[in-house]
Amino acid sequence: MSDPTLAQPHLVEVHTTTLETVVTTHNHNHRPSINASGEKKKIVGVFYKGNEYAKLNPNFVGCVEGALGIREWLESQGHQYIVTDDKEGPDSELEKHIPDAHVIISTPFHPAYVTAERIKKAQKLELLLTAGIGSDHVDLKAAAAAGLTVAEVTGSNVVSVAEDELMRILILMRNFLPGYHQAVKGEWNVAGIAHRAYDLEGKTVGTVGAGRIGKLLLQRLKPFNCNLLYFDRLRIDPELEKEIGAKFEEDLDAMLPKCDVIVINTPLTEQTRGLFDKNRIAKCKKGVLIVNNARGAIADTQAIADACSSGHVAGN
Ligand SMILES: NC(=O)C1=CN([C@@H]2O[C@H](COP(=O)(O)OP(=O)(O)OC[C@H]3O[C@@H](n4cnc5c(N)ncnc54)[C@H](O)[C@@H]3O)[C@@H](O)[C@H]2O)C=CC1
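Residues numbered from 1 in each chain as written. Predicted model: local features only at pLDDT ≥ 70, side-chain atom pairs only at ≥ 80, totals over all residues. Heavy atoms only, no water.

1. Concerning the overall build of the chain
Scanning the chain for helices and strands turns up 14 helices and twelve strands. Each of the 316 residues in the chain was classed as buried or not, and the buried ones make up 47%. Excluding contacts between residues fewer than 6 apart, the proportion of contacts in the chain whose partners are at least 24 apart in sequence is 63%. For the chain, the accessible area works out to roughly 16,100 Å², and carbon and sulfur atoms hold 53% of it. (Helix = DSSP H or I, 4+ residues; strand = E, 2+ residues; numbered from the N terminus. Buried < 20%, exposed > 50% of the residue type's maximum accessible area, 1.4 Å probe, protein only. Contact = heavy atoms within 4.5 Å. Areas by Shrake-Rupley, 256 points an atom, 1.4 Å probe, with all protein chains shown as cover.)

2. Considering the sheet that holds strand β10 (residues 261-264)
The strand order across the open sheet formed by six strands is β9-β8-β7-β10-β11-β12, and the pairing between neighbours is parallel. Of all the strands in the sheet, just β9 (246-248) and β12 (313-315) have a single pairing partner and so form its edges. This sheet shows a mean twist of 30 degrees between the axes of neighbouring strands, independent of strand direction. As paired strands, β10 and strand β11 (residues 288-292) are joined by four bridges and run parallel to one another. When the bridges of β11 are listed, I262 appears paired with I290. Running at roughly 155 degrees to β11, helix α7 (residues 158-173) makes contact with β7 (204-208), β10, β11 and β12 of the sheet. Set on the sheet, helix α10 (residues 212-221) makes contact with β7, β8 (227-231), β9 and β10; between it and β8 the angle comes to about 170 degrees. (Pairing = 2+ DSSP bridges. Axes fitted to C-alpha atoms, helices over the stretch in contact; angles between N-to-C directions.)

3. Points about the pattern of salt bridges
Under the defined criterion, the tally for this structure stands at 18 salt bridges. Taking the shortest distance from any N to any O, the salt bridge between K141 and E270 comes out at 2.9 Å. Separated by 129 residues along the polypeptide, K141 in helix α6 (residues 140-145) and E270 in the loop between β10 and α13 (278-283) bring together distant segments of the chain. When its relative accessible area of 54% is taken as the criterion, K141 is described as exposed. Salt-bridge contacts for K258 lead to E249; the nearest nitrogen and oxygen are separated by 3.0 Å. Through salt bridges with shared partners, a single network forms among E39, K41 and E126. (Salt bridge = Lys/Arg side-chain N within 4 Å of Asp/Glu carboxyl O.)

4. Some words on the environment of E93
Within the fold, E93 resides in helix α4 (residues 93-97). Spatially, the C-alpha atom of E93 lies 9.7 Å from that of V44, the residues being 49 residues apart in sequence.

5. Examining α10
All of the buried residues in α10 are I213, G214, L216, L217, L218 and L221. Looking at the buried residues of α10, the elements they touch are α7, β7, β8, α11 (238-244), β9 and β10.

6. Regarding the site of the ligand
Around the ligand sit 24 residues, and of these R212, I213, D232, R233 and N293 come closest. Separating a nitrogen atom of the ligand from a backbone N or O atom of N293 is a distance of 2.6 Å. Between R295 and the ligand, the recorded distance is 3.2 Å, taken from a side-chain N or O atom to an oxygen atom. About the coverage of the ligand: the protein hides 90% of its 860 Å² of free accessible area. Counting residues per element, the ones that place at least two in the shell around the ligand are α7 and α10. Inspection of the shell around the ligand shows a minimum of three residues originating in each of domain 1 (4-152) and domain 2 (158-315). (Near = heavy atom within 4 Å. Polar contact = N/O pair within 3.5 Å; in protein donor to acceptor, adjacent residues only side chain to side chain. Domains from an automatic or database assignment.)

7. Brief notes about the nonpolar core
Ranked by size, the top nonpolar core spans 23 residues in total, and within it V208, I262 and F276 carry the most contacts. Elements with a contribution of two residues or more to this core: β8, α12 (252-255), β10, β11 and α14 (301-310). Here this core takes three residues from α14, the largest share from any one element. With residues near it in sequence (within four places) discarded, V208 still touches F231, L252, M255, I262, V263, I264, N265, T266, L275 and F276. Core analysis: the second largest hydrophobic core is formed by 22 residues, L172, M173, V263 and L289 among them. (Core = buried A, V, L, I, M, F, W, Y, C linked by side-chain atoms within 4.5 Å.)

8. Side note on the pairing of β7
Across the five residues of β7, five count as buried, placing the element largely inside the fold. On β7, burial covers both faces: T204, G206 and V208 on one face and V205 and T207 on the other are all buried. Bridge analysis of β7 against β8 gives five bridges, and the strand direction is parallel. Across the sheet, the residue bridging to T207 is Y230, located in β8. With α10 bridging β7 and the parallel β8, this β-α-β connection has right-handed handedness. The pairing of β7 with β10 spans four bridges and is classified as parallel. Each bridged residue has a counterpart across the sheet, and for G206 the counterpart in β10 is I262. (Right-handed = clockwise from strand over helix to strand, strands pointing away.)

The structure is reproduced here in structure tokens:
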């Protein structure tokens, strides 16, 4: 697979977590420039509700209540900041603000889907900002055609994802969950766990995508003495590749049958949507473990469920 078009002309990587830097980063569209006018902007943030959990941690800023921690600053600059979790359908709060919003901020965890239809209505829109990584909730073609800037906070949570992936690999490999459930229910059936609990050491782990997250995962896997493989359209820097000890695989379908564990670390694009379909899963080793922390739509859910039922996939 190759994906030379992935870097959309208007998809921009922002190496910071403050909106201040984001809005001064760049602009190359025919809509009014967000940083040139000094105009007061209407900014709409779409996040999930934190409810009782928002009260537990004042630093929990990814929810409606935390509002990314930027309300005070935005309002001090004279901007209007609307925050909501209500994002679906014609009567939603988001829809109401679309015609006069200059900026929409959203996260992949509670995505504000910005469709071509919404972009058409959003005549004042200048910037679509993902407070995280992955902007597949935006119709990138329509955004590019409308001259919008789509920006995401590259690198913002990559360590979290790499650590989470490592945890999931170990949970599946060690067959942790059945044991946990037994303990909660006060049961004790060692065989029910041991019959398929393995060591990670010596296993072959392949990542599909070795960008920021994929590389961090490979680095974290190194001390486990696995055979590390990666498939990507780009090669890792040779020195780092050597240091990690990961082998580049040019052909995804040739890599899959070698892997005991497959981790998915590519963005969701036209090229990767449905990548793990029935046919590709059939190419994987029987009993493979698949960890997908990227986007669900990269795998065909039904095909994964069927493969789990048949035992072809031992854990997902
Ligand atoms: N579960 C979560 O909380 C999070 C999930 N993500 C997901 O993980 C994805 C990857 O994040 P990063 O590693 O930071 O991105 P990245 O841009 O650093 O790395 C992506 C890698 O995928 C490769 N790639 C893209 N299309 C490909 C294709 N068709 N075939 C082969 N390789 C391809 C790229 O060359 C690049 O090396 C994000 O796009 C996002 O969807 C990101 C952050 C949080």
